[in-house]
Amino acid sequence: MSKKNRIKCIMCGKVFPKGQGILLNITGRELVFHSKKCALKFLTRFIEQLVVEDKDKVSKVLDKLLKTLSEERKELMELKAKKI
Ligand SMILES: [Zn+2]
């Protein structure tokens, strides 16, 4: 396989074929990970850093997201109930 088709995991450095692994797009930057485990490790570090930078903001965003997810779950339940 040519070098062009190989990409490197930004967490562990493992080289793997293009098209495999996990891709995350954050603020327009594409981040590549060879496994879900490496992606999760990165996200955990990223969130920890965000909390250090602006704890109040992260807290607000978390509240908002949890509320949105809860509403989405409710909608899904209602949709399922209608089908029955
Ligand atoms: Zn990795």
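Residues numbered from 1 in each chain as written. Predicted model: local features only at pLDDT ≥ 70, side-chain atom pairs only at ≥ 80, totals over all residues.

1. Some points on the overall build of the protein
Then, number 1: Looking only at helices and strands, one finds two helices and four strands in the protein.
Then, number 2: For the protein, the sequential pattern of α-helices and β-strands runs β-β-β-β-α-α.
Then, number 3: Taking 2.2 N^0.38 as the reference for a compact globule, 84 residues should give roughly 12 Å; the C-alpha atoms of the protein span a radius of gyration of 18 Å, well beyond that estimate.
Then, number 4: Every one of the 84 residues in the protein was classed for burial, and the buried ones make up 4%.
Then, number 5: Put simply, 18% of the contacts in the protein that link residues at least 6 apart link residues at least 24 apart. (Helix = DSSP H or I, 4+ residues; strand = E, 2+ residues; numbered from the N terminus. Rg over C-alpha atoms; globule rule 2.2 N^0.38 Å. Buried ≥ 20, exposed ≤ 12 C-beta atoms within 10 Å, placed from the backbone. Contact = placed C-beta atoms within 7 Å.)

2. Here we look at unusual backbone geometry
Then, number 1: Even without a glycine there, the phi angle at Thr27 is positive, about 45°.
Then, number 2: Tracing the backbone through its elements, the reader meets Thr27 in the loop between β3 (22-26) and β4 (29-33).
Then, number 3: For Thr27, a count of 4 C-beta atoms within 10 Å puts it in the exposed group.

3. Digging into the domain arrangement of the protein
Then, number 1: Under the domain assignment used here, the protein contains domain 1 (1-53) and domain 2 (54-84).
Then, number 2: Its C-alpha centre places domain 1 at a distance of 27 Å from the equivalent point of domain 2. (Domains from an automatic or database assignment.)

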